[in-house]
Amino acid sequence: MKIFMHDIMHLFVMAGFIAIVAACSPGGVSDQSSALVEAGVEITPLEMAENMYQKSQDLGFAWRATAELIEASKVSQQAGDMDAAQSQIRRAMALAEASIAQAEQEAVDWQTRPPFGP
Amino acid sequence: MTGRLLVLPVAWCGAMFVALVGGEVQADPEADRAAFRDFYAQRFPDVPLSEHMNGVYAIDANARSQWLELEDFPLYEIAVDEGAELFEVPFADGAGYTDCFGGAGVRQNYPYFDQDSASVVTLELAINQCREAHTEAPLAYDSRDLVTLVSHIAFESRGAVIDVATPATTAELSAYSAGKRFYQSRRGQLNFACGSCHVQLAGNRLRAEILSASLGHVSHWPVYRLKWQEIGSLHKRFQECISQVGAVAFALQSEEYRNLEYFLTYMSNGLRWNGPATRK
């Protein structure tokens, strides 16, 4: 049962991530056609990346590179370099995803390390 | 069918709750401290535990000889003198730091867990609480004034024994556990915990530097760091470490860092306060 639930969770996470990456690919980053839906509200990939970064920050596990990529994507957008902006947002989302996964992993793993671990 | 759909998330939440809360080992600070000391005693059998208050200079003979030469004309001395002058400047209401602290040799009283605010009070926090109680503006946590005041207090407290009361109440244990958890958690893109360097790799080289033991990590602050070219606080060093592993640093005197300081200071109980100091 545990394994089954774990697999289902993985499928949801992967499906979400594929949807994000797919939505980032065509068109400009700020283009409404590439908007995503989060909690029933349409948001841009940039907003999605910012939300994911915020989640990692709320968990206390934010990464510097994520914030730097989000800021860099804003600069790229302003300069009209949408390819760079897209790439930066995609990387920011991947890093945010990894930092959230790190937080989830560490929720348990911190107890297993020397000199206190079993 | 609907009932079955509801059962799955509820079961998942229950499993997560058990994993995150029920599975967490009950905090036992005394046992932790014994394990911490035993670890370093075994890792560095030739180094007396008390010597770890000198950080990496307890385990790196070459760096130690350079450090001892620096101690002939300590780089933190100016900060101590500045702090001593500031300590005597009266507040607008006529009171002064002595009215809050009694005297300057009080480093050993901090950090402590304050039951009223249910949080850890550090020396920096206490200085600002003193100022605010006498209608003075609090000092910025990265200000030179605050660092020099702490330098003076640390200097006047040299030789006092680190003796943080064993966390016993639920609130104390919660702050202690939060500090311990912070210390043990891997962070940042490099996926390093504090303990990765200062427990598991203590005594090994990271590039050109030998990694120090965490025992005694808190005893000698503020520190004139050659890399900074100025004197700085323990929390500034926390920020630097967190940033170095690729994570976003927390604010100076944030709850996270105060809990970490509480945990680390408790781990160093029995060693002596020996700040301020010079470090590479």
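Quantities reported herein were computed from a predicted structural model and do not represent experimental measurements.

## Some details on the overall build of chain B
In terms of regular secondary structure, chain B is built from eleven helices and seven strands. A globule of 280 residues ought to have a C-alpha radius of gyration of about 19 Å, and chain B, at 21 Å, matches this closely. Considered along the principal axes of its C-alpha atoms, chain B spans approximately 75 × 50 × 30 Å. Evaluated residue by residue, chain B yields a buried proportion of 50% over its 280 residues. In chain B, once contacts between residues fewer than 6 apart in sequence are set aside, the share between residues at least 24 apart is 69%. Here chain B displays about 13200 Å² of accessible surface, and carbon together with sulfur accounts for 55% of that area.

## A few points about the side chain of B:Arg225
As for its position among the elements, B:Arg225 is in strand β5 (residues 223–225). A distance of 3.2 Å separates polar atoms of two side chains, one belonging to B:Arg225 and the other to B:Glu240.

## Side note on unusual backbone geometry
For the bond running from A:Pro114 to A:Pro115, omega is 5 degrees, close enough to zero to count as cis. By secondary structure assignment, the location of A:Pro115 is in the segment after α4 (82–109). Cis rather than trans, the peptide bond between B:Gly275 and B:Pro276 has omega equal to -10 degrees. Inspection of the secondary structure assignment puts B:Pro276 in the loop between α11 (255–267) and β7 (277–279). Positive phi, normally seen in glycine, also occurs at B:Ala118, with a value near 50 degrees. Considering the arrangement of structural elements, one finds B:Ala118 in the loop between β1 (112–114) and β2 (119–121).

## Focus on the packing of aromatic side chains
By the definition in use, this model includes 20 aromatic pairs over all chains. Measuring from ring centre to ring centre gives 5.8 Å for A:Phe116 and B:Phe36, while their planes differ by 5 degrees; the resulting arrangement is stacked. Of this pair, A:Phe116 sits in the segment after α4 while B:Phe36 sits in helix α2 (residues 29–43), which puts the two residues in different chains. By relative accessible area, which is 17% here, A:Phe116 ends up buried.

## Some thoughts on the packing of helix α2 (residues 45–58) of chain A against α4(A)
A pair of packed helices can be characterised by two numbers: the angle between their axes and the separation between those axes. All names here are of chain A. In the contact formed by α2 and α4, the axes pass within 9 Å of each other and the chain directions differ by 25 degrees. On the basis of the axis angle, α2 is roughly parallel to α4. At the point where α2 passes α4, the crossing takes the left-handed sense. Across the interface between the two elements, Pro45, Leu46, Met48, Ala49, Met52, Tyr53, Lys55 and Ser56 of α2 pack against Ile89, Met93, Ala96, Glu97, Ser99 and Ile100 of α4.

## Here we look at the state of the cysteines
Residue and element names in this part refer to chain B. Counting across every chain of the model gives one disulfide over all chains. One disulfide bridge connects Cys100 with Cys130, the sulfur atoms lying 2.1 Å from each other. Classification of the bridge connecting Cys100 and Cys130 rests on its S-S torsion, roughly 80 degrees, and on that basis the disulfide is right-handed. Of this pair, Cys100 sits in helix α5 (residues 97–101) while Cys130 is found in helix α6 (residues 123–133), placing the two residues 30 residues apart along the sequence. A disulfide-free cysteine, Cys241 has its sulfur positioned 6.9 Å from the sulfur of Cys194, the nearest such atom. For Cys241, a relative accessible area of 28% puts it in the partly exposed group.

## Some details on α11(B)
Residue and element names in this part refer to chain B. With 13 residues, α11 ought to run about 18 Å at 1.5 Å a step, and its terminal C-alpha atoms sit 18 Å apart, in line with that. With eleven of 13 residues buried, α11 is to be regarded as a mostly interior element. Within the span of α11, buried status applies to Tyr257, Arg258, Asn259, Leu260, Glu261, Tyr262, Phe263, Leu264, Thr265, Tyr266 and Met267. For α11, the secondary structure elements touched by its buried residues are α2, β1, β2, α6, α8 (170–184) and α10 (234–244).

Calculation notes
- Residues numbered from 1 in each chain as written.
- Chains lettered and ligands numbered in written order.
- Predicted model: local features only at pLDDT ≥ 70, side-chain atom pairs only at ≥ 80, totals over all residues.
- Heavy atoms only, no water.
- Helix = DSSP H or I, 4+ residues; strand = E, 2+ residues; numbered from the N terminus.
- Rg over C-alpha atoms; globule rule 2.2 N^0.38 Å.
- Buried < 20%, exposed > 50% of the residue type's maximum accessible area, 1.4 Å probe, protein only.
- Contact = heavy atoms within 4.5 Å.
- Areas by Shrake-Rupley, 256 points an atom, 1.4 Å probe, with all protein chains shown as cover.
- Polar contact = N/O pair within 3.5 Å; in protein donor to acceptor, adjacent residues only side chain to side chain.
- Phe/Tyr/Trp six-rings, centres within 6.5 Å; stacked < 30°, edge-to-face > 60°.
- Axes fitted to C-alpha atoms, helices over the stretch in contact; angles between N-to-C directions.
- Parallel < 35°, antiparallel > 145°, perpendicular 65-115°, else oblique.
- Left-handed = near helix turned anticlockwise from the far one by under 90°.
- Disulfide = S-S within 2.5 Å.
- Expected span 1.5 Å × (residues − 1).

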